[in-house]
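Architecture and fold: a report
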Amino acid sequence: MNTAQEEKFAACYEKLRDVMQIDYSLACNAFNCFEEFVAEHFGKEIKVESAVDLPKDANFGSSVKIAGEINFIIGLLAEKKIFHEIAKTYEHFQLDSLEEDFDAVSELLNVVTGHFIIKIANTLGIEEDLEPPRFGQTEKSFGVIKISMKFGEYYLYIGQDEIFE
């Protein structure tokens with residue numbers, strides 16, 4: 001993460017501290033894993049914009065919970081069109097249904113969080129587990145990190161509360 005990105009992430013963390021409820025270095029490492037994965041697999045740089053409340057129209061998403069000594073959830077949410085674009089870009093082929101979009105983004109998050117728990121194990125000696133992904137449309141309002149890429153804006157959730165029931 002470059003200095004400007006790190007400063008913006010730090011500002012987001014401060015605004016979302018009550019949502020995240022995890023140590024800054026852990027949240028920063030989770031974000032770095034996400035950023036590295038997106039850059040590698042999407043071939044695109046992401047830009048941290050700000051901490052915001054999730055917009056009502058950006059309620060399509062997936063999440064994965066890391067469970068063990070360190071418990072938190074990472075989720076990706078977007079408006080339907082952008083969510084489809086993320087899924088299609090990740091899968092590298094045409095997706096024909098919202099269900100396929102949910103599956104693709106859930107798999108993306110599984111891979112990101114899988115890499116992250118390996119880092120946790122190597123760094124802290126703690127073995128965490130991943131719970132099965134959750135996905136759907138949420139009606140909840142919560143704090144997220146607004147991110148932009150060439151194909152649009154989406155939202156990253158790092159926090160304690162479940163997004164989807």
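Use the structure listed above.
What comes next concerns the included structure. (Residues numbered from 1 in each chain as written. Predicted model: local features only at pLDDT ≥ 70, side-chain atom pairs only at ≥ 80, totals over all residues. Heavy atoms only, no water.)

1. Observations concerning the nonpolar core
Counting 50 residues, the largest nonpolar core has Phe34, Phe72, Ile86, Leu108 and Tyr154 as the members making the most contacts within it. Counting residues per element, this core draws most heavily on helix H2 (residues 24–42), which supplies 10 residues. (Core = buried A, V, L, I, M, F, W, Y, C linked by side-chain atoms within 4.5 Å. Buried < 20%, exposed > 50% of the residue type's maximum accessible area, 1.4 Å probe, protein only. Helix = DSSP H or I, 4+ residues; strand = E, 2+ residues; numbered from the N terminus.)

2. A closer look at the packing of aromatic side chains
Tallying each qualifying case throughout the model produces 10 aromatic pairs. Ring centres of Phe9 and Tyr24 lie 6.0 Å apart, and the angle between their planes is 50 degrees; on these two criteria the pair is classed as tilted. Separated by 15 residues along the polypeptide, Phe9 in helix H1 (residues 3–20) and Tyr24 in helix H2 bring together distant segments of the chain. Since its relative accessible area comes to 28%, Tyr24 is described here as partly exposed. Between Phe83 and Phe102, the ring centres sit 5.4 Å apart and the planes meet at 55 degrees, which makes this aromatic pair tilted. Of this pair, Phe83 sits in helix H3 (residues 80–91) while Phe102 sits in helix H4 (residues 98–124), placing them 19 residues apart in sequence. For Phe102, a relative accessible area of 6% puts it in the buried group. Site record: aromatic cluster; members linked through ring pairs are Phe9, Tyr13, Tyr24 and Phe31. (Phe/Tyr/Trp six-rings, centres within 6.5 Å; stacked < 30°, edge-to-face > 60°.)

3. Some words on a negative patch on the surface
Where like charges cluster on the molecular surface, the negative patch consists of Asp96, Glu99, Glu100 and Asp103. Its location among the elements puts Glu99 in helix H4. The class for Glu99 is partly exposed, based on a relative accessible area of 45%. (Patch = residues over 30% accessible without salt bridge, like charges linked within 9 Å, V, L, I, M, F, W, Y side chains within 5 Å. Areas by Shrake-Rupley, 256 points an atom, 1.4 Å probe, with all protein chains shown as cover. Salt bridge = Lys/Arg side-chain N within 4 Å of Asp/Glu carboxyl O. Lys, Arg positive; Asp, Glu negative; His and termini not counted. Charge placed at Lys NZ, Arg CZ, Asp CG, Glu CD.)

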